[in-house]
Amino acid sequence: MSRSRTERSEVDSAVVLSALGSKYSAEILCAAGTPKSAQALSEDIEIPIATCYRRIEELVDAGLLTCEGRQLSEEGRRTNIYRRTLDEIEIDFSDDEPSFSRKHRTEAKNRLQDQLED
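Residues numbered from 1 in each chain as written. Predicted model: local features only at pLDDT ≥ 70, side-chain atom pairs only at ≥ 80, totals over all residues. Heavy atoms only, no water.

Undergrad: Where do I start with the overall build of the chain in this structure?
TA: Within the chain one finds five helices and five strands. Reading the chain from its N terminus to its C terminus gives the helix and strand order α-α-β-α-α-β-β-β-β-α. Taking all 118 residues of the chain together, 30% fall into the buried category. Relative to all contacts within the chain whose residues are 6 or more apart in sequence, the contacts with residues 24 or more apart total 46%. Looking at the chain as shown, the accessible area adds up to about 8000 Å², and 46% of this sits on carbon and sulfur atoms. (Helix = DSSP H or I, 4+ residues; strand = E, 2+ residues; numbered from the N terminus. Buried < 20%, exposed > 50% of the residue type's maximum accessible area, 1.4 Å probe, protein only. Contact = heavy atoms within 4.5 Å. Areas by Shrake-Rupley, 256 points an atom, 1.4 Å probe, with all protein chains shown as cover.)

Below, the structure written as structure tokens:
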């Protein structure tokens, strides 16, 4: 049986709140303005790699981070590259259930950011 739109949004709200409430999630989102591997994110914000992978999984499940593709690491292994999917999120707690307003990143902004980094 499929869930109603309300049930899906409640699940989404719980997943997003849980992901944002985890330690280091905000730092990962801030650092992932440009495509980065889990190793690079781990090094940038100085957290253990295992913790970084757990947070990345939570953020991807919540739709806040996306895997943009794969690239070769310095060791010659293929690694996933992640980037945040939004620039802003607003959480409204004034109703019975939290609601979200998201400002998604556009592909044009991603390309511009990539050019500025090169």
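Undergrad: So what exactly am I meant to see when it comes to the sheet that holds strand β1 (residues 36–37) here?
TA: Strands pair in a sheet through their backbones, by hydrogen bonds, and they do so in one of two ways: parallel or antiparallel. Taken together, the three strands give an open sheet; going across it, the order is β1-β3-β2, and neighbouring strands pair in antiparallel fashion. Two strands in the sheet have a free side with no partner beyond their single neighbour: β1 and β2 (65–72). Sheet analysis places β2 next to strand β3 (residues 78–84), joined by seven bridges and oriented antiparallel. Paired with Leu-65 across the two strands is Arg-84, which belongs to β3. (Pairing = 2+ DSSP bridges.)

Undergrad: Explanation requested: helix α4 (residues 49–61) in the structure shown.
TA: The periodicity of an α-helix, 3.6 residues per turn, causes residues three or four places apart in sequence to face the same way. For α4, built from 13 residues, the straight-helix expectation of 18 Å at 1.5 Å per residue is met to within 8% by its first-to-last C-alpha distance of 18 Å. Taken residue by residue, α4 has Thr-51, Cys-52, Arg-55, Ile-56 and Leu-59 as its buried positions. The arc that holds every buried residue of α4, seen down its axis, measures 135°, which confines them to one face. Those residues of α4 that are exposed and angled more than 90 degrees off the buried face are Glu-57 and Asp-61. Positive phi appears at Gly-63, one or two residues downstream of α4, with a value of about 80°. (Expected span 1.5 Å × (residues − 1). Arc of directions from axis to C-beta.)

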